[in-house]
Amino acid sequence: MTATALDPRTALVVIDLQKGIVGRETAHPAADIVANSVALADAFRAKGLPVVLVHVVDGAPGRNETPMGGGGPPADWADIVPELGPRDGDIVVTKRTWGAFHGTDLDLRLRRGGVTQIVLAGIATSIGVESTARAAHEHGYNVTIATDAVTDMDADAHRNSVEKIFPRLGETDTTEAIVALLG
């Protein structure tokens, strides 16, 4: 479903556009995802709307079949890419799990700001972005995903999220269309 409207208090939430993740091999060029996310952030900032930059600093506890890897990440792994920010007034959320809501103050900060809708961008589509979209939907936010501002390490997982999951959680559209809705 294409995006039809944005609420007066809509926030942009950008997931994990940080040095250690943007540097990985992705299904779509990470530089394009960053550029589209920057365009969204610039448009939201120009309208005085909240921009939330989320970065992950750790893995969720528990056993799984895909460990984070040995030796630990480089010191700047969790740094948000500089072309995105943060800028004055941005909200920075540090998470330790896939989704940006669990174990953070994101919901509280959005509600205090009167936010009723979020637009999502970032990497990885089927992990951080989808987990955050699901939680936002469960928290009662209207959800819109900028489909050309998300990608995944796995093209099939990306396609599944965009084609099958996101339409059940909200609306999807391009960066250009979402910026146009901002007016």
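A brief structural summary. Just so you know, these numbers come straight off a predicted model, no measurement behind them.

Quick notes on the pattern of salt bridges
Working definition: two side chains of opposite charge can pair if their charged atoms are close together.
Then comes step 1: Summed over the entire model, instances satisfying the criterion amount to eight salt bridges.
Then comes step 2: Taking the shortest distance from any N to any O, the salt bridge between Asp16 and Lys95 comes out at 3.0 Å. A residue pair is termed long-range when its members are at least 10 positions apart, and Asp16 in the loop between β1 (10-15) and α1 (19-22) and Lys95 in strand β3 (residues 91-95) qualify at 79 residues. As far as the burial class goes, Asp16 and Lys95 line up, both buried.
Then comes step 3: The shortest N-O distance in the salt bridge between Glu130 and Arg134 comes to 2.9 Å.

Quick word on the packing of aromatic side chains
Then comes step 1: Scanning the entire structure with this criterion turns up one aromatic pair.
Then comes step 2: Measuring from ring centre to ring centre gives 5.9 Å for Phe101 and Tyr141, while their planes differ by 35°; the resulting arrangement is tilted. Remark: Tyr141 occurs in the loop between α4 (125-138) and β5 (142-151) and Phe101 occurs in the loop between β3 and α3 (106-112); sequence separation between them is 40 residues.
Then comes step 3: Residue Phe101 is classed as buried on the basis of its relative accessible area, which comes to 7%.

With respect to the packing of helix α2 (residues 30-46) against helix α6 (residues 175-182)
Then comes step 1: Two elements in contact, α2 and α6, have axes whose closest approach is 10 Å; the angle formed by their N-to-C orientations is 0°. Relative to α6, α2 is oriented roughly parallel. Seen from α2, the contacting residues are Asn36, Ala39, Leu40, Ala43 and Phe44; seen from α6, they are Thr175, Ile178, Val179 and Leu182.
Then comes step 2: Here the contact of α2 with α6 is built from residues that sort into seven nonpolar, two polar and no charged.

A word on the environment of Arg109
Then comes step 1: Note that Arg109 resides in helix α3.
Then comes step 2: Here the alpha-carbon distance between Arg109 and Ile91, two residues 18 residues apart in the chain, equals 8.5 Å.
Then comes step 3: Contacts of Arg109, omitting those with residues within four sequence positions, involve Ile91 and Val92.

Examining helix α5 (residues 155-169)
Then comes step 1: Its 15 residues place the ends of α5 20 Å apart at the C-alpha level, agreeing with the 21 Å of an ideal helix rising 1.5 Å per residue.
Then comes step 2: At Ser161, α5 shows its largest kink, close to 35°.
Then comes step 3: Inspection of α5 places His158, Ser161, Val162, Ile165, Phe166 and Leu169 among the buried residues, and these make up the whole buried set.
Then comes step 4: Where α5 is buried, its residues meet α4, β5 and β6 (171-173).
Then comes step 5: Sitting at the amino-terminal end of α5 is Asp154, which places a side-chain oxygen 2.8 Å from the backbone nitrogen of Asp156.

Reading the values: the criteria
- Going along each chain's sequence as written, the residues are numbered from 1 onward.
- In keeping with the model being predicted, local features are shown solely for residues with a pLDDT of at least 70 and side-chain atom pairs are shown and tallied solely at 80 or more, while totals for entire chains, interfaces and linings include all residues.
- Note that water and hydrogens are dropped before the side-chain values are worked out from all heavy atoms of the structure.
- Salt bridge, as applied in this entry: a Lys or Arg side-chain nitrogen positioned within 4 Å of an Asp or Glu carboxyl oxygen.
- The helix count covers DSSP runs of H or I at least four residues long, the strand count covers runs of E at least two residues long, and both are numbered beginning at the N terminus.
- Any residue under 20% of the maximum accessible area for its type is buried, any over 50% is exposed, and the rest in between are partly exposed; the area is computed with a 1.4 Å probe on protein chains only.
- Geometry of aromatic contacts follows a simple scheme: Phe, Tyr and Trp rings, the Trp one being its six-membered ring, pair when their centres are within 6.5 Å, and the pair is stacked under 30 degrees between planes, edge-to-face over 60, tilted otherwise.
- Here an angle of 0 to 180 degrees is reported between the N-to-C directions of two axes, which are lines fitted to C-alpha atoms, with helices fitted over the stretch in contact.
- Just so you know how the angles are binned, under 35 degrees is roughly parallel, over 145 roughly antiparallel, 65 to 115 roughly perpendicular, and the rest oblique.
- Residues are treated as being in contact if the distance between any of their heavy atoms lies within 4.5 Å.
- Amino acid classes used here: Ala, Val, Leu, Ile, Met, Phe, Trp, Tyr, Cys and Pro are nonpolar; Asp, Glu, Lys and Arg are charged; the rest, including Gly, are polar.
- A helix is expected to reach a length of 1.5 Å times the quantity of its residues less one.
- One fitted axis covers the seven residues ending at a residue, a second covers the seven starting there, and the bend at that residue is the angle between these axes.
- N or O atoms within 3.5 Å of each other form a polar contact, as long as, within protein, one can give a hydrogen and the other can take it, and as long as residues adjacent in sequence are counted only when both atoms are side-chain atoms.

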